[in-house]
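Examination of the molecular architecture
Spelled out, the chains give:
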Amino acid sequence: MLNVTEEIEVISPCVKLCKIDNESGLCSGCLRTIAEITIWSKANRETKLQIWKKIDERKSYADVI
């Protein structure tokens, strides 16, 4: 049983296909910016969830164009 006070780890969006697109500034594998990639390992849970939200928004935008 999960203790309510335990934090569930937020999984990294990295898919090991690292290449920053010059035009968008996003990694073509995970859709994060260099700044988001850089802070990930030290970011708290809330920050990581915010980054995931931005990734989802970027995916939605990419599906439209």
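Right above here is the structure, for reference.
Residues numbered from 1 in each chain as written. Predicted model: local features only at pLDDT ≥ 70, side-chain atom pairs only at ≥ 80, totals over all residues. Heavy atoms only, no water.

1. Structural notes on the overall build of the chain
Regarding its fold elements, the chain presents 2 helices and 0 strands. Taking all 65 residues of the chain together, the buried fraction comes to 18%. For the chain, the accessible area works out to roughly 5,400 Å², and carbon and sulfur atoms hold 57% of it. (Helix = DSSP H or I, 4+ residues; strand = E, 2+ residues; numbered from the N terminus. Buried < 20%, exposed > 50% of the residue type's maximum accessible area, 1.4 Å probe, protein only. Areas by Shrake-Rupley, 256 points an atom, 1.4 Å probe, with all protein chains shown as cover.)

2. What to know about unusual backbone geometry
Located in the positive-phi region is Lys16, a residue other than glycine, with phi close to 60°. Assessed through its relative accessible area of 70%, Lys16 is described here as exposed. We note that Leu31 has phi near 65°; this positive angle belongs to a residue other than glycine.

3. Comments concerning the environment of Cys14
Along the polypeptide, Cys14 turns up in the segment before helix H1 (34-39). The exposure class assigned to Cys14 is partly exposed, which follows from its relative accessible area of 28%. Along the chain, Cys14 and Ile37 lie 23 residues apart, while their C-alpha atoms are 8.6 Å from each other. Apart from residues lying up to four places away in sequence, Cys14 is in contact with Cys30 and Arg32. (Contact = heavy atoms within 4.5 Å.)

4. Here we look at the packing of aromatic side chains
This model, assessed by the stated rule, comprises 0 aromatic pairs. Of note, Arg32 hangs over the ring of Trp40, and the distance from its end group to the ring centre comes to 5.4 Å. (Phe/Tyr/Trp six-rings, centres within 6.5 Å; stacked < 30°, edge-to-face > 60°. Lys NZ or Arg CZ within 6 Å of the ring centre and 35° of its normal.)

5. Here we look at a nonpolar patch on the surface
The grouping of Ile20, Ile34 and Ile37 at the surface amounts to a nonpolar patch, some 230 Å² of accessible area in total. Residue position: Ile20 is located in the segment before H1. (Patch = residues over 30% accessible without salt bridge, like charges linked within 9 Å, V, L, I, M, F, W, Y side chains within 5 Å. Salt bridge = Lys/Arg side-chain N within 4 Å of Asp/Glu carboxyl O.)

6. Topic: the environment of Lys16
The residue Lys16 is located in the segment before H1 in this model. Residues Lys16 and Gly29, 13 residues apart in the sequence, show an inter-C-alpha distance of 7.0 Å.

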